Protein chains: 2
Amino acid sequence: MAHAVTLEALRVLEAIHKLGSFAAAAEALFKVPSALTYTVKKLEDDLGVPLFDRSRQRAVLTPAGHLVLEQGRAILDATIRLEDSIKQFESGWEPKLRIARDTVLLESPLMEVVGDFLVQNRPVELTLSEESVGGGWDALQDDRVDLVIGVTGELPKGNFYTRAIGELEFVFAVAPTHPLALVEGVVTAAQLRQYPAIVVADSSKKLPARNIGIFESRQVLRVETMRSKIQAQCLGLGVGYLPKHRIMDELNSGRLVTRQCEFPRPNITAYLAWRKDSPGRGLSWFVDCLSQQDWQLIPASV
Amino acid sequence: MAHAVTLEALRVLEAIHKLGSFAAAAEALFKVPSALTYTVKKLEDDLGVPLFDRSRQRAVLTPAGHLVLEQGRAILDATIRLEDSIKQFESGWEPKLRIARDTVLLESPLMEVVGDFLVQNRPVELTLSEESVGGGWDALQDDRVDLVIGVTGELPKGNFYTRAIGELEFVFAVAPTHPLALVEGVVTAAQLRQYPAIVVADSSKKLPARNIGIFESRQVLRVETMRSKIQAQCLGLGVGYLPKHRIMDELNSGRLVTRQCEFPRPNITAYLAWRKDSPGRGLSWFVDCLSQQDWQLIPASV
DNA sequence: ACCTTTATTCAATTTTTTTGAAATAATATC
DNA sequence: GATATTATTTCAAAAAAATTGAATAAAGGT
């Protein structure tokens, strides 16, 4: 047979697997069970492989069935994206917009902008996520998000637009109860090595992980978000550089104190970044608003 | 309408675009033109957008049509891959196997193995390609190849198997007519800077490009393959490190001479690498043969 | 053992797709 | 500029495919 696979058959497979039975799937698809029997059997005949094991009462996927299901899901997703693209093409508004914020940035400035967007009641479904270190680039490149806020470092390969939103200043901060708080003057490498370092793990799933500002400590505690890192350092669990704009409260109230460190950490520029290809009206709107938003950073020098 | 796109409609779209008319596409698909009119009109109705511009005699795609075609192709490709996967699942032999050779390696040892495979007349379609520097990893990660030979350096993220095939030794070589050939003793950084460096460009399309062994020359000539680099250096266009096993002939015949260099380049291990997931019989066969093949390298120490 | 749930078979029915002939329109040719 | 050619659409009829519902068989729960 020329073309065995049809989207309808993949949908049926998916439904049966998800709901656990032909009967339940039939109901969900507004059909009668024998219709599914027909569709499934046709696909099995065309493919030449049984997709379900019928030795028991409830049909369960064979290994071949799992294979078809898995790749079939990707195909169904692609058709949904295709239909979404057409909708965007007509209205200009993308049906879905995925925004990632790097964990170095505060959440509230983003939320303000999101609030402004939501009251406009556009036909756009928003998804927010948080990334760390190189993870923002990774998510963008891997097409898991459409827009990232607060990415830093080198531009990876690919066609991206960027816009600087300010400079990040890092200070070496410890809890006042931490032994390093007692050090007068500059903290040395030897002193650093005595205490655990708290680092934010790279959330990359595809690109190689970056390790920024790791000094060789005896112990490293890896956390997922900047919030966790700040909290860990406030509790005196370890030490490390923190973005100044995130810890103004902690510094003012004395929950953290700064020290000079032998290895200074230079300021780095934070960017908005998005894919070049055909931005929808939603993406354009967010790029405009987010680049004018006050992220409480140092204005970008260049 | 719930689900507008069907694979059949995408195939029709693709055929009309490729062959330039409804009539030609109909013939290719063993149908009658009015059947295509029906299919296309149905898709247009369901999507709510005209896909073809009919103001002229021959129908041409509208921008929206191009969008559907482009994404549709990806979907059709995925369905073909799905059917291929099933075939592999049944016979064990993958219908397609894509092998990349890093440009540091000789081509002939691979060709010998390929020859041995072809005489077995397996139902496997082979594709060979050449990659450079980080490009092998890139192609593997991006699923453009199934197996790479001669990748070096750090393992990127992802699930890969690797097997060492030997160590690469690099020698600093220049044409006998090159000014640096006259230097006695060790070539210094200052001397190096005087002459163009020949480097093999990273063929990566997704991962960040690696730059190995670039010393800051006034001029850099970037080439795509090791063969080009060797040739450029034989012609005295520039200098650089070359893999010793690739230039034995040139060294013996005096077309290249070696010199000591202030920056020595350590040996590096070359690997076979492939994706973990479900190797077919073809991939397994190649991994076995290729890892036993004599690549004329130094046996791996570790 | 009995009842319930589940999947399949099969003939009848409905829906969808395909066809071929005729109509319409745009290019090409003389 | 008239005419032939090529290309697409329209429409009713025919063919193919999908869906239904009733009957059947078999598995699991109580």
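As the structure is a computational prediction, the values presented were derived from the model and not from experiment.

Undergrad: Tell me about the overall build of chain A, and name the residues and values.
TA: In terms of helices and strands, chain A carries 10 helices and 13 strands. Relative to the globule expectation of 19 Å for 302 residues, the C-alpha radius of gyration of chain A, 26 Å, shows a markedly less compact shape. Overall, the C-alpha framework of chain A stretches about 80 × 45 × 35 Å when taken along its three principal axes. In chain A, buried positions account for 47% of the 302 residues. Within chain A, contacts between residues at least 6 apart in sequence are counted, and of these 70% link residues at least 24 apart. For chain A, the accessible surface area stands at approximately 15300 Å², while carbon and sulfur atoms represent 52% of it. Each charge class in chain A was averaged separately, 34 positive and 37 negative side chains, and the resulting centres sit 3 Å apart.

Undergrad: Summarise the sheet that holds strand 13 (residues 268–275) of chain B; cite the residues concerned and give the values.
TA: Residues and elements named next belong to chain B. Ordered in space as 4-3-5-13-6, the five strands form an open sheet in which the pairing is mixed. Both outer strands of the open sheet, strand 4 (125–131) and strand 6 (160–168), are each paired with one neighbouring strand and no more. Averaged over neighbouring strand pairs, the angle between their axes works out to 15° when direction is ignored. Across seven bridges, the pairing between strand 3 (residues 96–102) and strand 4 is parallel. Among the inter-strand pairings, Arg 101 is bridged to a residue of strand 4, identified as Glu 130. Across the face of the sheet, helix 5 (residues 108–118) comes into contact with strand 3, strand 4 and strand 5 (147–151) while running at roughly 175° to strand 4.

Undergrad: So what about the relation of the copies chain A and chain B? Which residues, and what values?
TA: Once chain A is rotated about the relating axis by 180° and shifted along it by 0.1 Å, it coincides with chain B to within an RMSD of 0.4 Å. In the structure described here, the two chain copies are related by an operation that fits a two-fold rotation axis. Rotation axis and chain A: the residue whose C-alpha lies nearest the axis is A:Ile75, separated from it by 2.9 Å. Comparing contact sets, 100% of the residues at the interface of chain A also lie at the interface in chain B, consistent with an isologous, same-surface contact.

Undergrad: Outline a nonpolar patch on the surface, listing residues and values.
TA: Residues and elements named next belong to chain A. A contiguous nonpolar patch, built from Leu 221, Leu 235 and Leu 237 and spanning about 280 Å² of accessible area, is present on the exposed surface. Assignment of secondary structure puts Leu 235 in the loop between helix 8 (226–234) and strand 11 (240–243). Overall, the relative accessible area of 60% leaves Leu 235 in the exposed class.

Undergrad: Give a description of the packing of helix 1 (residues 7–19) of chain A against helix 3 (residues 33–47) of chain A that names residues and reports values.
TA: Residues and elements named next belong to chain A. Where helix 1 contacts helix 3, the axes come no closer than 10 Å and their chain directions differ by 115°. Comparing their axes, helix 3 and helix 1 come out roughly perpendicular. The chirality of how helix 1 crosses helix 3 is left-handed. The residues of helix 3 that touch helix 1, namely those facing Ala 9, Val 12 and Ile 16, are Leu 36, Thr 39, Val 40 and Leu 43.

Undergrad: I'd like a rundown of unusual backbone geometry, residues and numbers included.
TA: Of note, A:Gln296 is a non-glycine position whose phi angle comes to about 65°, a positive value. Position of A:Gln296 among the secondary structure elements: in the segment after helix 10 (281–292). In this structure, B:Val133 takes a positive phi of about 55° despite not being glycine. You can see B:Val133 is positioned in the loop between strand 4 and helix 6 (135–141).

Undergrad: Break down the protein's contact with DNA strand C for me, with residues and values.
TA: Around DNA strand C, 22 residues are found, and the nearest of them are A:Ala23, A:Lys41, A:Arg54, A:Gln57 and B:Tyr38. A breakdown of the atoms of DNA strand C within 4 Å of the protein gives sugar and phosphate a share of 70%. A distance of 2.9 Å separates a base oxygen of DNA strand C from a polar side-chain atom of B:Ser34. At the level of secondary structure, the elements contributing two or more residues to the surface near DNA strand C comprise helix 2 (22–28) and helix 3 of chain A together with helix 3 (33–47) of chain B.

Undergrad: Outline the packing of aromatic side chains, listing residues and values.
TA: Under the definition given, this model contains 16 aromatic pairs over all chains. Taking the centre distance of 4.8 Å and the plane angle of 40° together, the rings of A:Phe117 and A:Phe286 count as tilted. Placement of the pair is A:Phe117 in helix 5 (residues 108–118) and A:Phe286 in helix 10, with a sequence separation of 169 residues. The residues A:Phe117 and A:Phe286 share a single accessibility class, namely buried. Ring centres of B:Phe172 and B:Tyr241 lie 5.6 Å apart, and the angle between their planes is 70°; on these two criteria the pair is classed as edge-to-face.

Undergrad: Explain the UniProt feature "domain: HTH lysR-type" (unreviewed entry) in chain A residue by residue, including any values.
TA: Mapped onto the present numbering, the UniProt feature "domain: HTH lysR-type" (unreviewed entry) falls on residues 5–62 of chain A. Across residues 5–62 of chain A one finds 60% helix and 7% strand; the C-alpha atoms that close the span lie 17 Å apart.

Undergrad: Run through the protein's contact with DNA strand D, naming residues and quoting values.
TA: Taken together, 21 residues are adjacent to DNA strand D, and A:Ser34, A:Tyr38, B:Lys41, B:Arg54 and B:Gln57 come closest. Atoms of DNA strand D within 4 Å of the protein belong to the sugar or the phosphate in 70% of instances, the rest to bases. In this structure, a base oxygen belonging to DNA strand D sits 2.8 Å away from a side-chain N or O atom of A:Ser34. Note that a phosphate oxygen of DNA strand D is positioned 2.9 Å from one of the backbone N or O atoms of B:Ala23. The set of elements that each furnish at least two residues to the surface near DNA strand D consists of helix 3 of chain A together with helix 2 (22–28) and helix 3 of chain B. Here the surface near DNA strand D gets five residues from one element, more than from any other, and that element is helix 3 of chain A. Looking at the surface near DNA strand D residue by residue, the class counts come to eight nonpolar, seven polar and six charged.

Undergrad: Give me the lowdown on the pattern of salt bridges, citing residues and values where you can.
TA: Applying the stated rule across the entire model yields 32 salt bridges over all chains. Among the salt bridges present, the one from A:Arg98 reaches A:Asp143, with a minimum N-O distance of 3.1 Å. Remark: A:Asp143 occurs in the loop between helix 6 (135–141) and strand 5 (147–151) and A:Arg98 occurs in strand 3 (residues 96–102); sequence separation between them is 45 residues. Here B:Arg11 makes a salt bridge to B:Glu8, at a shortest N to O gap of 3.1 Å. Separated by three residues within a single helix, B:Arg11 and B:Glu8 lie in helix 1 (residues 7–19), roughly one turn from each other. Residue B:Glu8 is classed as partly exposed on the basis of its relative accessible area, which comes to 30%.

Undergrad: Run through helix 4 (residues 63–91) of chain A, naming residues and quoting values.
TA: With 29 residues, helix 4 of chain A extends 42 Å between its outermost C-alpha atoms, agreeing within 8% with the 42 Å of an ideal straight helix rising 1.5 Å per residue. Immediately downstream of helix 4 of chain A, the backbone of A:Gly92 shows phi near 90°, a positive value.

Undergrad: For the side chain of B:Ser132, give the residues involved together with the corresponding values.
TA: Residue and element names in this part refer to chain B. For Ser 132, the position within the fold is in the loop between strand 4 and helix 6. With relative accessibility at 1%, the residue Ser 132 sits in the buried group. If we skip the residues at most four places from it in the chain, Ser 132 touches Asp 102, Thr 103, Val 200, Ala 201, Asp 202, Ser 203 and Glu 224.

Analysis parameters
- Residues numbered from 1 in each chain as written.
- Chains lettered and ligands numbered in written order.
- Predicted model: local features only at pLDDT ≥ 70, side-chain atom pairs only at ≥ 80, totals over all residues.
- Heavy atoms only, no water.
- Helix = DSSP H or I, 4+ residues; strand = E, 2+ residues; numbered from the N terminus.
- Rg over C-alpha atoms; globule rule 2.2 N^0.38 Å.
- Buried < 20%, exposed > 50% of the residue type's maximum accessible area, 1.4 Å probe, protein only.
- Contact = heavy atoms within 4.5 Å.
- Areas by Shrake-Rupley, 256 points an atom, 1.4 Å probe, with all protein chains shown as cover.
- Lys, Arg positive; Asp, Glu negative; His and termini not counted.
- Charge placed at Lys NZ, Arg CZ, Asp CG, Glu CD.
- Pairing = 2+ DSSP bridges.
- Axes fitted to C-alpha atoms, helices over the stretch in contact; angles between N-to-C directions.
- Least-squares fit on C-alpha atoms with pLDDT ≥ 70 in both.
- Patch = residues over 30% accessible without salt bridge, like charges linked within 9 Å, V, L, I, M, F, W, Y side chains within 5 Å.
- Salt bridge = Lys/Arg side-chain N within 4 Å of Asp/Glu carboxyl O.
- Parallel < 35°, antiparallel > 145°, perpendicular 65-115°, else oblique.
- Left-handed = near helix turned anticlockwise from the far one by under 90°.
- Near = heavy atom within 4 Å.
- Polar contact = N/O pair within 3.5 Å; in protein donor to acceptor, adjacent residues only side chain to side chain.
- Phe/Tyr/Trp six-rings, centres within 6.5 Å; stacked < 30°, edge-to-face > 60°.
- UniProt positions renumbered as here; feature names shortened; annotations may be inferred.
- Nonpolar A, V, L, I, M, F, W, Y, C, P; charged D, E, K, R; others polar.
- Expected span 1.5 Å × (residues − 1).

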